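Observations on the model geometry
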Amino acid sequence: MATTIFERAGGFSAVRKIVADFYDRLLDDVTLQKYFANIDMARLIDHQTQFVSSMMGGPGEVSNDSLRKAHERLNINKADFIKLAGILRDTLEDHGLPDEAVQHIYDAVMARETFIVSKK
Ligand code: HEM
């Protein structure tokens, strides 16, 4: 019987669809799209799929140190961090994830602010 959020959501292929939609929405956002200019989006979607899957109880792990290294050069401010987290929550909801699963992932993202935000 499917036990984890990851399994109930349908595994990697389903999570990858959600993450791909999430980045489509980020690239449509006038404030956030600048961060993704010249970024290999296919590679980013793969890495973000690993992160979201691990937050859903699926395999794989993305360390906080690798998150810090990937973001420290981007000069991300708190407002943009909050905005990205909100778009992720909306995307998870629109893909029909149960409220407690959405809240769990959102909290996991918010708990990583110190590793992402470098512009005070
Ligand atoms: C807790 C929130 C966040 C998580 C968990 C997260 C997760 C990730 C992951 C897993 C990667 C791939 C790292 C790698 O390639 O090794 C990444 C890269 C990236 N993230 Fe985030 N991210 C977060 C917040 C943000 C925010 C707020 C922004 C911009 C507003 C952002 C912009 C980017 C960009 C541009 C890259 C590509 C970096 C590169 O390839 O040089 N991220 N993120």
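Below is a summary of the structure that appears in this document. All residue numbers refer to position in the chain's written sequence, counted from 1. Residue-level local features of this predicted model are given only where pLDDT is at least 70; pairs of side-chain atoms are given and counted only at 80 or more, and the full residue set underlies all totals for whole chains, interfaces and linings. The side-chain quantities take in all heavy atoms of the structure and omit both hydrogens and water.

1. Observations regarding the nonpolar core
Ranked by size, the top nonpolar core spans 35 residues in total, and within it Tyr-23, Leu-26, Phe-51, Met-56, Leu-92, Leu-97 and Ile-105 carry the most contacts. Only heavy atoms matter for contacts: two residues are in contact if any of them lie within 4.5 Å across the pair. When neighbours within four sequence positions are excluded, Met-56 is seen to be in contact with Thr-4, Ile-5, Phe-6, Ala-9, Val-15, Leu-92, Leu-97 and Ile-105. The term nonpolar core refers to a set of buried residues drawn from Ala, Val, Leu, Ile, Met, Phe, Trp, Tyr and Cys, joined through side-chain atoms within 4.5 Å. The rule is simple: take the accessible area with a 1.4 Å probe, protein chains only, and divide by the maximum for that residue type; under 20% is buried, over 50% is exposed, in between is partly exposed.

2. Topic: the packing of helix α2 (residues 11-28) against helix α5 (residues 78-94)
Two numbers describe how α2 lies on α5: the axes approach to 9 Å, and their chain directions differ by 135 degrees. By the angle class used here, α2 and α5 are oblique. Considering how the two elements wind past one another, α2 and α5 form a crossing that is right-handed. Residues Ile-18, Asp-21, Phe-22, Arg-25 and Leu-26 of α2 form the contact with α5, whose own contacting residues are Leu-84, Ile-87, Leu-88, Asp-90, Thr-91, Leu-92 and Asp-94. To get an axis, fit a line to the C-alpha atoms, keeping to the stretch in contact for a helix; angles then go from 0 to 180 degrees between the N-to-C directions. Helix and strand assignments come from DSSP, with helices taken as H or I runs of at least 4 residues and strands as E runs of at least 2, each series counted from the N terminus. An angle below 35 degrees is read as roughly parallel, one above 145 as roughly antiparallel, one from 65 to 115 as roughly perpendicular, and any other as oblique. When the near helix sits turned anticlockwise from the far one by under a right angle, the crossing is termed left-handed; a clockwise turn instead gives a right-handed crossing.

3. A look at the coordination of the iron atom of the ligand
Atoms are scored as donors when they are N, O or S and lie within 2.8 Å of the metal, with 3.2 Å used for Na, K and Ca; no water is included, so coordination may look incomplete. Of the protein atoms, His-71 (NE2) alone serves as a donor to the iron atom of the ligand, at 2.0 Å. Note that His-71 resides in helix α4 (residues 64-71).

4. Re the site of the ligand
The immediate surroundings of the ligand are formed by 20 residues, with Tyr-35, Leu-44, His-47, His-71 and Arg-73 found nearest. Identification of polar contacts relies on pairs of N or O atoms within 3.5 Å, with a donor-acceptor requirement for protein atoms, meaning one able to donate a hydrogen and the other able to accept it, and with residues adjacent in sequence counted only if both atoms are side-chain atoms. His-47 is positioned with one of its side-chain polar atoms (N or O) 2.7 Å from an oxygen atom of the ligand. Contacts to the ligand include Arg-73, whose side-chain N or O atom sits 2.7 Å from an oxygen atom. Residues are said to line a cavity or pocket when one of their atoms sits within 4 Å of a point; the points come from a 1 Å grid over protein atoms alone, cavities being sets where a 1.4 Å probe fits but cannot get out and pockets being open sets with protein on both sides within 12 Å along at least five of seven lines. Put plainly, a molecule is in a cavity or pocket when over half of its atoms are within 2 Å of the grid points there. More than half of the atoms of the ligand fall within 2 Å of the grid points belonging to the largest pocket. For the shell around the ligand, the secondary-structure elements that each account for two or more residues are α3 (41-55), α4 and α5. Per-element tally for the shell around the ligand: the top contributor is α3, with five residues. Per-class residue counts for the shell around the ligand are 14 nonpolar, three polar and three charged. Here a residue is near a molecule or strand as soon as one of its heavy atoms is found within 4 Å of it. Note on residue categories: nonpolar means Ala, Val, Leu, Ile, Met, Phe, Trp, Tyr, Cys or Pro, charged means Asp, Glu, Lys or Arg, and polar means any other residue, Gly included.

5. Observations concerning the packing of aromatic side chains
Given two aromatic rings, one states the distance between the centres and the angle between the planes to describe the pair. The pairing test for Phe, Tyr and Trp rings, Trp by its six-membered ring, is centres within 6.5 Å, and the orientation test on the planes gives stacked under 30 degrees, edge-to-face over 60, and tilted for anything in between. Here the structure, examined in full by the defined rule, presents three aromatic pairs. A ring pair is formed by Phe-22 and Tyr-23, whose centres lie 4.9 Å apart and whose planes are at 55 degrees; its orientation type is tilted. Both residues of the pair, Phe-22 and Tyr-23, belong to the buried class. With centroids separated by 5.8 Å and ring planes inclined at 70 degrees, the aromatic side chains of Tyr-23 and Phe-36 adopt a geometry described as edge-to-face. Taken together, the residues Tyr-23 in helix α2 and Phe-36 in the loop between α2 and α3 connect sequence positions 13 residues apart. Exposure class is identical for Tyr-23 and Phe-36. Each is buried. Aromatic rings pair up to connect Phe-22, Tyr-23 and Phe-36 into one cluster.

6. Comments concerning the environment of Lys-83
Topologically, Lys-83 is positioned in helix α5. Through-space distance from the C-alpha of Lys-83 to that of Glu-113 is 12 Å; in sequence the pair is 30 residues apart. When sequence neighbours within four positions are dropped, the list of residues in contact with Lys-83 reads Asp-29, Thr-31 and Leu-32. At 3.1 Å, the side chain of Lys-83 and the side chain of Thr-31 are in polar contact.

Functional significance is not addressed by these values, which are geometric in nature.
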